[in-house]
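Coordinates in review
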Amino acid sequence: MSHRRYESDDVIVDVRGLGSAHGVRLNVEHASGAALMIPRATEDAIDGGVRVCTTGFDGTRFTVDIFEETATLTASAPSAILGGAERVEAKRVQVAAPDPGALRVTGDEETMPIPMAKE
């Protein structure tokens, strides 16, 4: 499964499942601990990348434009998730490959849901 990470001074954006039939998943976290988790969203093609939109619990509308080397996060109002800003640009960083022997978390696979055999 594809995993990209983008970082600014205070914001980390993890993107999983780009181009997947299961939808894209985003985790946005500010150094303060404020976070936005989008477990499944539709990506829309834009010039040179994709756009994911969602609304936070407080009604703030977030737009995340994902490109090869940058991700731009825009909020409809100043947001703690963006450190009080309305716009943050993050640069792509290398993601370390997971240990092949590491435990995988159910739900993180490209093939979810996992069919279970009936007895």
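Calculation criteria
- Residues numbered from 1 in each chain as written.
- Predicted model: local features only at pLDDT ≥ 70, side-chain atom pairs only at ≥ 80, totals over all residues.
- Heavy atoms only, no water.
- Helix = DSSP H or I, 4+ residues; strand = E, 2+ residues; numbered from the N terminus.
- Buried < 20%, exposed > 50% of the residue type's maximum accessible area, 1.4 Å probe, protein only.
- Contact = heavy atoms within 4.5 Å.
- Areas by Shrake-Rupley, 256 points an atom, 1.4 Å probe, with all protein chains shown as cover.
- Pairing = 2+ DSSP bridges.

Looking only at helices and strands, one finds zero helices and nine strands in the protein chain. In the protein chain, the succession of helices and strands from N to C terminus is β-β-β-β-β-β-β-β-β. The 119 residues of the protein chain split such that 34% are buried. Long-range pairs, those at least 24 residues apart, make up 30% of the contacts in the protein chain between residues at least 6 apart in sequence. Just so you have it, the protein chain exposes about 7,700 Å², and 52% of that area is on carbon and sulfur atoms.

Its place among the elements puts Phe67 in strand 7 (residues 61-67). Residue class for Phe67 comes out partly exposed when judged on its relative accessible area of 24%. Placed 20 residues apart in sequence, Phe67 and Asp47 show a C-alpha to C-alpha distance of 9.2 Å. The contacts of Phe67, once residues within four sequence positions are left out, are Arg4, Tyr6, Ile46, Asp47, Gly48 and Gly49.

Quick look at the pairing of strand 3 (residues 24-30) now. Burial analysis of strand 3 places five of its seven residues in the buried class, which makes it a mostly covered element. Where strand 3 lies against strand 4 (residues 35-41), five bridges are found, and the strand directions are antiparallel. Across the sheet, Leu26 pairs through a bridge with Ile38, a residue of strand 4. Connecting strand 3 to the antiparallel partner strand 4 that follows it, the hairpin turn spans four residues, and Gly33 within it adopts a positive phi of roughly 105°.

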